[in-house]
Amino acid sequence: MTKPEAEQGNIIWLYGAKGDDTNDGLSQDKPVKSIDKALELAGEGGTIMLLGNVTIRDGNDLLIENVTLKRACDDSDYLLHFIDCENITFDNVVIDGNNKGGGFPFIRGSRCTSMTFNDSTLKNNIGGAIHVQHTPLTITNGEIFNCNADPKTYNSFVIQLSASSFRMTGGSIHNNRMDSISNGSVIDSSTYSDHQDPIQLILDKVDIYENFGQSAGAIMVTGNADLVITDSKIRNNVSGETAVPCAFIIQRPVSPTVSFQEINPTLLVEGFSYRTEH
């Protein structure tokens, strides 16, 4: 394995299953076990090489800032999985899949108070970027690019929202390919049958371009949601099912509200394509 280079800070190896926080973390043979220890040792501008999944349960507020997280092996799993945690924040973080991943997103949040990405970059993964379940997700600025599905997997999304609200302000999502066996898009929002209130999906000043999704080139909504898009550009996204430029699919809605302002998207509803202009 080629030794990575850090612009500043330390290069620290992290292995949730077999690491030990008494190790110095300076080689893959002596990885640390916890993300907290890895952040302490890496320092500002450091790089954390993840040798496998790290699961954090029942955690308090966690701030991950000014570091690079890099996938170090072909392990098919999330890099970080937060379960029943409080507020998880990524500030000025680079998450690099190193063109590995086996079809899994970088980050998963399950039943957390919130998950936030500020000025962060997520790139080069074999799989999506973020999957949240019952966890409000906020992204401000930054970019997500070159996340590509494993074509042998099902249901691949750059951002997967399971009964989770989403707000993105600024930033871009571009040049991702969700070419899975079935169901693929850049942003997927789904709710459960017992979910009564509409999920809030808000995109403001966002640029989504040159993506490929097996189902929808940009956004797929299944279930009860309010989708509001303002002052954004959604362009040159292609659907595998239609083989034509297609931005949206709204499937089996309960009571969806879709509001477009200052954009002219192509909208695909129940198999019919038309252009909405304002």
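Check the entry above for the structure.
Residues numbered from 1 in each chain as written. Predicted model: local features only at pLDDT ≥ 70, side-chain atom pairs only at ≥ 80, totals over all residues. Heavy atoms only, no water.

What about the packing of aromatic side chains?
And then number 1: This structure, assessed with the given rule, holds 3 aromatic pairs.
And then number 2: Aromatic side chains Tyr78 and Phe104 sit 5.2 Å apart centroid to centroid with 90° between the ring planes, which places their arrangement in the edge-to-face category. One end of the pair, Tyr78, is in the loop between β5 (68–71) and β6 (80–83); the other, Phe104, is in the loop between β8 (94–100) and β9 (107–110), and 26 residues separate them in sequence.
And then number 3: Centroid distance Phe90 to Phe117: 4.5 Å. Interplanar angle 0°. Geometry classified as stacked. Here Phe90 is found in strand β7 (residues 87–91), whereas its partner Phe117 is found in strand β10 (residues 114–118), with 27 residues between them in sequence. Phe117 shares its class with Phe90; the two are buried.
And then number 4: The ring of Phe212 has Arg177 lying over it, and the distance from NZ or CZ to the ring centre is 4.0 Å.
And then number 5: The side chain of Arg235 reaches across the aromatic face of Tyr209, ending 4.4 Å from its centre. (Phe/Tyr/Trp six-rings, centres within 6.5 Å; stacked < 30°, edge-to-face > 60°. Helix = DSSP H or I, 4+ residues; strand = E, 2+ residues; numbered from the N terminus. Buried < 20%, exposed > 50% of the residue type's maximum accessible area, 1.4 Å probe, protein only. Lys NZ or Arg CZ within 6 Å of the ring centre and 35° of its normal.)

Observations concerning the pairing of β9
And then number 1: The side-chain alternation of β9 yields two buried faces, one formed by Ile107 and Gly109 and the other by Arg108 and Ser110.
And then number 2: Note: β6 against β9, 4 bridges, orientation parallel. Bridged to Leu80 within β9 is Ile107.
And then number 3: Pairing between β9 and strand β12 (residues 130–133): 4 bridges, direction parallel. Residue pairing across strands places Ile107 opposite Ile130, the latter belonging to β12. (Pairing = 2+ DSSP bridges.)

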